[in-house]
Amino acid sequence: MNPSEQRAPREGEVRIPSGCAIAAVISKSGERMSGEGIIKAMRPMRERSNGLGGGFAGYGIYPEYRDFFALHIFYDSDAVRTECETYLRSALEIVRSETIPTRKLPAITDEPLIRRYFVTPLRSVLASMQVDENEFVARVVMRINTRFDGAYVFSSGKNMGVFKAVGYPEDVGEFYRLEEYGAYSWTAHGRYPTNTPGWWGGAHPFALLDRTVVHNGEISSYDANRRFIEMFGYRCTLQTDTEVITYIADYLIRKQGLTLTETASVIAAPFWSTIARKPESERRELEYLRAVFPSLLITGPFSIILGFTGGLMALNDRLKLRSMVTGEKGDRVYIASEEAAIRAMEPDAENIYAPTGGEAVIVKVREGAF
Amino acid sequence: MGIQWNYPEFEVVRNDSRCIRCQVCARQCANEVHRYEAEIDAMISDESRCVNCQRCVSLCPTRALKIVKSDCRLRENANWNQDAIREIYKQAESGGVLLSSMGNPKPYPVYWDKILMNASQVTNPSIDPLREPMETRVSLGKKPSKVERDENGRLKCELSPQIQLSMPVMFSAMSYGSISYNAHLSLARAASELGVCWNTGEGGLHQDFYQYGAHTIVQVASGRFGVHKQYLEAGAAVEIKMGQGAKPGIGGHLPGAKVGPDVSRTRMIPEGSDAISPAPHHDIYSIEDLRQLVYSLKEATAYQKPVIVKVAAVHNIAAIASGIARSGADIIAIDGFRGGTGAAPTRIRDSVGIPIELALAAVDRRLRDEGIRNNVSLVVGGSVRSSADVVKAIALGADACYIATAAVLALGCHLCRTCQSGKCNWGIATQRPDLVKRLNPDIGSQRLINLMTAWNHEIKELMGGMGINSIEALRGNRLMLRGIGLNEKELQILGISHAGE
Ligand code: SF4
Ligand code: SF4
């Protein structure tokens with residue numbers, strides 16, 4: 001029988017638009033902050049979520065395992081866990097394997113098995129496949145997520161991790177005991193899907209390797225983007241905007257070697273009329289990027305925060321159809337859908353600013369500070 | 001008079017109480033249907049010559065005329081329909097191949113009409129093209145698979161040659177010879193003003209039109225008529241015509257009667273000689289030969305012009321397109337089986353080839369599956385009838401559309417489907433000077449500009465409704481489409497869901 005006939009359709013079997021709340025904080029000096037602040041940020045934005053998905057990404061949380069990829073995996077059953085672990089052992093060296101610590105909460109129910117592995121690719125396998133370790137791990141993740149029914153890798157970078165669940169974000173944060181982790185940057189997401197997927201893998205952030213995306217919006221270019229990116233080995237199994245945006249970022253940054261600013265001018269490309277007014281050399285570059293990656297232009301409303309090792313990038317669609325503001329205090333930079341969320345983290349935040357459509361806000365931790 | 005096997009198809013109905021005997025109809029009709037009989041002071045018509053081109057109807061000052069389908073019918077028979085029987089009579093008399101023109105008129109499914117588009121409601125906003133920028137500009141040509149940087153880490157911004165279009169529609173190939181000087185001039189001027197391209201077809205480029213080169217696609221077909229270095233260099237791109245949707249697998253034939261001094265000079269053939277293009281290119285019997293021609297043309301134009309390979313939509317089109325995408329071509333143009341023609345054997349026009357919608361969907365998918373969609377741009381035609389067809393084509397995966405029938409309609413064509421006779425009363429498919437001058441290129445080009453401008457507004461409107469503000473984000477965006485009344489197989493080939501899903 002078709003799996004969708006046995007249970008309600010899962011994320012990926014239907015396309016579910018959703019509205020959302022996003023927030024982030026980063027310490028430019030690389031100081032580690034507990035998860036309490038970012039959880040607080042999500043409280044005043046409860047209206048923007050509906051309890052059907054919340055999540056966080058933290059960077060710099062596993063310093064003792066900084067050289068290992070941290071895989072966070074949901075399993076539906078012990079059987080699929082055994083099967084998947086056999087596969088993992090055939091491809092990777094597992095230096096530590098454990099259940100991710102959680103706290104029982106009435107608001108969070110139906111949890112799957114949630115496991116964490118610190119791994120490194122087997123040198124012999126890497127050499128025989130002639131790929132670098134990032135590409136290898138990315139392929140392992142794609143393989144598990146497409147071939148193992150009931151197993152889902154939701155985090156796969158080094159010295160960072162994603163924590164997500166079905167529930168309101170502030171409950172999800174408590175559930176995962178985020179106050180026990182220290183990160184130099186945090187991003188967070190609360191979801192308002194228009195129907196009930198009820199699957200943990202569908203919550204956000206969405207991640208591949210160390211790149212994570214939280215996103216608020218519904219992109220109208222989705223299928224154009226998806227059908228293009230799938231030419232390069234990505235499989236959009238979840239049918240969500242966030243997933244395709246993550247793959248686009250991975251493709252442009254890791255595979256094409258674009259800078260963050262260049263990446264932003266592909267996905268939120270300036271209008272031709274704006275490009276025409278730019279000085280010669282900049283105009284040539286912008287025209288070139290639009291001509292080369294037309295299918296990666298993202299239209300429709302979005303505000304996204306892209307997290308990566310050592311920094312964050314916030315970006316709005318080119319018409320600015322979703323709210324997003326930034327603020328500062330000391331070495332901290334705050335980004336959120338609403339100013340209230342920033343004030344919840346830092347009541348005295350300064351320089352509150354609403355970036356214009358297509359304007360990339362890039363914040364990096366000082367070199368060597370993480 | 002012997003037996004008249006076929007009763008005239010049309011009847012000329014003249015309201016005698018309105019007719020003022022001005023004889024406009026008689027002067028306008030190249031088929032000599034109307035005649036003034038002075039003795040009885042009456043207009044007489046010979047219906048057997050009427051092709052229903054509506055010229056007289058459009059010019060009669062008192063609206064005294066109408067042309068109606070004759071109701072003199074053979075006995076009804078669902079199997080032996082009227083056309084089948086009439087054609088038997090014609091062939092029994094002539095012993096010849098039946099000829100037709102314009103596109104396939106048979107009631108095959110038109111998939112454009114079974115596809116519906118999406119619009120934004122609640123979860124994301126639609127965009128108003130009157131208030132917000134809405135971009136329809138496209139660039140056609142090969143896109144690099146990897147960006148490169150110079151030693152200072154700056155992007156190297158050189159692209160292979162591209163064609164820039166202000167909107168995703170171009171005028172497709174119609175040769176000088178099959179259509180008139182004024183028709184070519186109207187197309188060339190309109191394309192230049194609009195910032196799109198027109199296409200010379202296989203008959204060369206008249207010397208007067210070299211000034212429109214930047215917006216001209218010059219075609220190289222199997223007859224190589226009018227092809228020389230300067231011609232190749234004149235255009236914005238060079239198109240190799242391998243096939244045409246209306247007559248896949250066969251060449252062309254321009255009768256000597258249409259080869260007057262100007263056409264002769266432009267085609268570089270003797271005056272009055274038949275211009276026959278062979279069915280295949282005799283230097284292309286396989287895909288590697290095509291590659292050689294593509295590169296010969298690139299050499300000849302110093303790698304400055306994109307090369308288009310135009311093929312008819314036939315059964316194996318996905319594999320053929322994949323071969324072309326690896327042949328060095330920059331753009332593939334696919335012509336569907338409803339595409340128009342100046343003359344084609346009826347049997348071929350009406351029963352060879354496949355619909356462009358299915359061909360496009362299959363090709364776009366195949367090129368993506370093979371990861372080579374970026375190697376080429378896709379242009380589709382045959383037949384694209386409206387801005388809605390254009391938007392659906394782009395959402396299925398096309399980069400741009402080719403239109404020809406729609407363009408000649410704008411110039412005055414009334415789709416009488418007798419272009420092969422050379423007596424086009426609208427001055428389009430003819431070389432007779434008295435008829436050619438009926439098409440005023442000032443008015444003709446303006447009507448083409450009006451049509452394209454209207455379409456561009458509509459394209460923007462449709463995109464805005466979907467919440468899309470750039471044509472790039474529409475291309476291949478099949479989620480914006482739903483089928484209506486299509487079966488599983490058709491939906492699967494088109495790669496779309498059914499309405500309600
Ligand atoms: S054009 Fe009209 S009014 Fe003039 S002769 Fe013909 S039918 Fe009569
Ligand atoms: S171009 Fe002229 S001859 Fe051909 S169909 Fe149109 S009106 Fe008739």
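Residues numbered from 1 in each chain as written. Chains lettered and ligands numbered in written order. Predicted model: local features only at pLDDT ≥ 70, side-chain atom pairs only at ≥ 80, totals over all residues. Heavy atoms only, no water.

K.L.:
Sorry, what's going on with the domain arrangement of chain B here?
P.N.:
Interface size is often expressed as the accessible area that is lost when the parts come together. All names here are of chain B. Per the domain assignment, the segments of chain B are domain 1 (10–96) and domain 2 (138–147 + 159–498). The interface of domain 1 with domain 2 comprises 13 residues on the first partner and eleven residues on the second. A combined buried area of about 1,000 Å² lies between domain 1 and domain 2, and 47% of that area is made up of carbon and sulfur atoms. For domain 1, the biggest contributors to the area lost against domain 2 are Ala 30, Cys 53 and Arg 55; these three give 48% of the whole. (Domains from an automatic or database assignment. Contact = heavy atoms within 4.5 Å. Buried area = accessible area lost by both parts, 1.4 Å probe.)

K.L.:
Would you mind going over the packing of aromatic side chains with me for this structure?
P.N.:
How two aromatic rings sit relative to each other is set out by the distance from centre to centre and by the angle between their planes. Residue and element names in this part refer to chain B. In the structure shown here, the tally under the stated rule is 25 aromatic pairs over all chains. Seen from their ring centres, Tyr 176 and Tyr 181 are 6.5 Å apart, and the 70° between their planes marks the pair as edge-to-face. What makes Tyr 176 buried here is its relative accessible area of 3%. Tyr 181 sits in the partly exposed class, given a relative accessible area of 21%. (Phe/Tyr/Trp six-rings, centres within 6.5 Å; stacked < 30°, edge-to-face > 60°. Buried < 20%, exposed > 50% of the residue type's maximum accessible area, 1.4 Å probe, protein only.)

K.L.:
Before we go on, may I ask you to explain the interface of chain B and chain A in this structure?
P.N.:
Residue-level contacts link 44 residues of chain B with 40 residues of chain A. A buried area of about 3,600 Å², summed over both sides, lies between chain B and chain A, and 53% of it is on carbon and sulfur atoms. Inspection of the region where chain B meets chain A yields seven salt bridges. Of the charged contacts in the structure, one is a salt bridge between Arg 290 of chain A and Glu 472 of chain B, with a shortest N-O distance of 2.9 Å. If you look at where chain B meets chain A, you find 22 residue pairs in polar contact (both at pLDDT 80 or more). The element contributing the most residues to the side of chain B that touches chain A is helix α10 (residues 356–369) of chain B, with four residues. (Salt bridge = Lys/Arg side-chain N within 4 Å of Asp/Glu carboxyl O. Polar contact = N/O pair within 3.5 Å; in protein donor to acceptor, adjacent residues only side chain to side chain. Helix = DSSP H or I, 4+ residues; strand = E, 2+ residues; numbered from the N terminus.)

K.L.:
How do you make sense of the site of ligand 1 when you look at a structure like this?
P.N.:
The immediate surroundings of ligand 1 are formed by 13 residues, with Arg 14, Cys 19, Cys 22, Cys 25 and Cys 60 of chain B found nearest. Among the residues making up the shell around ligand 1, the classes are represented as nine nonpolar, two polar and two charged. (Near = heavy atom within 4 Å. Nonpolar A, V, L, I, M, F, W, Y, C, P; charged D, E, K, R; others polar.)

K.L.:
How should the sheet that holds strand β11 (residues 206–208) of chain A be read in this particular structure?
P.N.:
Pairing between the strands of a sheet is mediated by backbone hydrogen bonds and can be parallel or antiparallel. Residue and element names in this part refer to chain A. Sheet architecture is open: five strands sit in the order β11-β12-β13-β14-β18, paired in antiparallel fashion. Two strands in the sheet have a free side with no partner beyond their single neighbour: β11 and β18 (361–364). Each strand axis lies, on average, 15° off the axis of its neighbour in the sheet, ignoring direction. As paired strands, β11 and strand β12 (residues 211–217) are joined by three bridges and run antiparallel to one another. Considered in β12, the bridge of Phe 206 is made with Val 213. (Pairing = 2+ DSSP bridges. Axes fitted to C-alpha atoms, helices over the stretch in contact; angles between N-to-C directions.)

K.L.:
What exactly am I supposed to notice about the site of ligand 2 here?
P.N.:
Every residue lining ligand 2 is accounted for by Met 102, Cys 413, His 414, Leu 415, Cys 416, Arg 417, Thr 418, Cys 419, Cys 424, Trp 426 and Ala 429 of chain B. Of the residues in the shell around ligand 2, the class split is eight nonpolar, two polar and one charged.

K.L.:
Mind showing me how you'd approach the sheet that holds strand β18 (residues 377–381) of chain B here?
P.N.:
Residue and element names in this part refer to chain B. Across the sheet, eight strands lie side by side as β9-β19-β18-β16-β15-β12-β11-β10; this open sheet has parallel pairing. Either end of the sheet is taken by a strand with one partner, and the two such strands are β9 (169–171) and β10 (198–199). In this structure, strand β12 (residues 237–241) lies alongside strand β15 (residues 307–312), joined through four bridges in parallel fashion. Bridging from a neighbouring strand, Val 238 pairs with Val 307 of β15. Most of the contacts of α10 go to β18, to which it runs at about 170°, and overall it touches β16 (331–335) and β18.

K.L.:
Would you mind going over the packing of helix α8 (residues 241–255) of chain A against helix α9 (residues 260–267) of chain A with me for this structure?
P.N.:
Axes are the key here: two packed helices are described by the angle between their axes and the distance separating the axes. All names here are of chain A. Where α8 contacts α9, the two axes come as close as 10 Å, and the packing angle between them is 135°. The orientation of α8 relative to α9 falls into the category oblique. Crossing of α8 against α9: the hand is right-handed. Contacts from Ile 248, Leu 252 and Ile 253 of α8 reach α9 at Leu 260, Thr 263, Val 266 and Ile 267. For the contact of α8 with α9, the class distribution of residues is six nonpolar, one polar and no charged. (Parallel < 35°, antiparallel > 145°, perpendicular 65-115°, else oblique. Left-handed = near helix turned anticlockwise from the far one by under 90°.)

K.L.:
Even after reading the chapter, I still don't get the pattern of salt bridges, so can you show me in this structure?
P.N.:
Under the definition given, this model contains 57 salt bridges over all chains. Across the salt bridge formed by Glu 350 of chain A and Lys 329 of chain A, the nearest N and O atoms sit 3.5 Å from each other. Taken together, the positions of Glu 350 of chain A in strand β17 (residues 350–353) and Lys 329 of chain A in strand β15 (residues 325–329) put the pair 21 residues apart, joining distant regions of the chain. Judged by its relative accessible area of 30%, Lys 329 of chain A is partly exposed. The closest approach of N and O atoms between Asp 330 of chain B and Lys 298 of chain B, which form a salt bridge, is 3.1 Å.

K.L.:
Would you take a moment to explain the nonpolar core for this structure?
P.N.:
The nonpolar side chains of a soluble globular protein tend to be buried, and buried together. Core analysis: the biggest nonpolar cluster contains 127 residues, and Tyr 176 and Phe 293 of chain A have the highest contact counts within it. Counting residues per element, this core draws most heavily on α8 of chain A, which supplies eight residues. Those residues in contact with Phe 293 of chain A, other than ones at most four positions away along the chain, are Tyr 251, Leu 252, Gln 256, Leu 258 and Val 266 of chain A together with Val 147 of chain B. (Core = buried A, V, L, I, M, F, W, Y, C linked by side-chain atoms within 4.5 Å.)

K.L.:
Explain unusual backbone geometry here, please?
P.N.:
Apart from glycine, the bulk of residues carry a negative phi angle, and the bulk of peptide bonds sit in the trans form. A cis amide bond, omega 10°, links His 204 of chain A with the succeeding residue Pro 205 of chain A. Look at Arg 224 of chain B: it is not a glycine, yet its phi comes out positive at around 55°. Non-glycine residue Leu 415 of chain B carries a positive phi angle of around 55°.

K.L.:
Which parts of the structure should I look at to understand the side chain of Glu 170 of chain A?
P.N.:
Residues and elements named next belong to chain A. Note on placement: Glu 170 falls in helix α6 (residues 169–175). Residue class for Glu 170 comes out buried when judged on its relative accessible area of 5%. Dropping the residues within four chain positions of it, Glu 170 is found in contact with Ile 39, Met 42, Arg 43 and Arg 46.

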